[in-house]
Amino acid sequence: MAMWVERTASARRQQQLTATVAAGPAVTPLQFTALGSAGLLLEVACSVPGWLSFYVSDAARLLDAGRPMEQDPQPSSGVVADLLFTAGVPQLLLPPGISWASAELVPSPLLLALLRTTLAVPAEASLSVDALVLAA
């Protein structure tokens, strides 16, 4: 059963991650653990050029890991959002309505993601997600 965020607590949360990204075409799995099991994405930042995809379950993330960056996900595939970051656009303010809810049998307080990159050299990627948490 979902645990709702109390109205006295701030439902807006931000989480930052740092991930090592390999050179060449690389797919880096990520998990945001401080954003609850359901919410609305408000703002996302990524310090390296690439595609950042969010998912409702680990199964959806595993099934989508081989999808090429230029291909759209299938409807109902569990992909919440596909975001493109470039050197000139490292931060995105998202439109209203980009929501997620864990699709695991027991809702998990994880927002799962994949970062797809094609960097010439390995790099440290700094990521930040600002969200309105609807369920803990």
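Undergrad: Tell me about the pairing of strand β9 (residues 123–135), and name the residues and values.
TA: A regular strand carries its side chains on alternate faces of the sheet. Bridge analysis of strand β1 (residues 12–21) against β9 gives 10 bridges, and the strand direction is antiparallel. In the sheet register, arginine 12 faces β9, and the bridge partner there is leucine 132. In this sheet, β9 lies alongside strand β3 (residues 38–46) in antiparallel orientation, the contact comprising 8 bridges. Residue pairing across strands places cysteine 46 opposite leucine 127, the latter belonging to β9.

Undergrad: Hey, could you go over the pattern of salt bridges for me, with residue numbers and the actual values?
TA: Applying the stated criterion to the full structure yields 5 salt bridges. Its salt-bridge partner being arginine 61, residue aspartate 58 comes within 3.1 Å of it at the nearest N-O pair. In this pair, aspartate 58 and arginine 61 are both assigned in helix α1 (residues 58–64), 3 residues apart and thus about one turn of the helix distant. What emerges from the salt-bridge pattern is a single network uniting Asp64, Arg67, Asp82 and Arg116.

Undergrad: An account of unusual backbone geometry is requested, with residue identities and associated values reported.
TA: Located in the positive-phi region is serine 76, a residue other than glycine, with phi close to 60°. Note that serine 76 resides in the loop between α1 and β5 (79–85).

Undergrad: Can you explain the nonpolar core? Please cite residues and give values.
TA: With 28 residues, the main nonpolar core has Leu30, Phe32, Leu41, Leu52, Phe54, Leu115 and Leu127 as its most contacted residues. Among the secondary structure elements, those contributing two or more residues to this core are β1, β2 (24–32), β3, β4 (50–55), β5, β8 (111–119) and β9.

Thresholds, definitions, all that
- Residues numbered from 1 in each chain as written.
- Predicted model: local features only at pLDDT ≥ 70, side-chain atom pairs only at ≥ 80, totals over all residues.
- Heavy atoms only, no water.
- Pairing = 2+ DSSP bridges.
- Helix = DSSP H or I, 4+ residues; strand = E, 2+ residues; numbered from the N terminus.
- Salt bridge = Lys/Arg side-chain N within 4 Å of Asp/Glu carboxyl O.
- Core = buried A, V, L, I, M, F, W, Y, C linked by side-chain atoms within 4.5 Å.
- Buried < 20%, exposed > 50% of the residue type's maximum accessible area, 1.4 Å probe, protein only.

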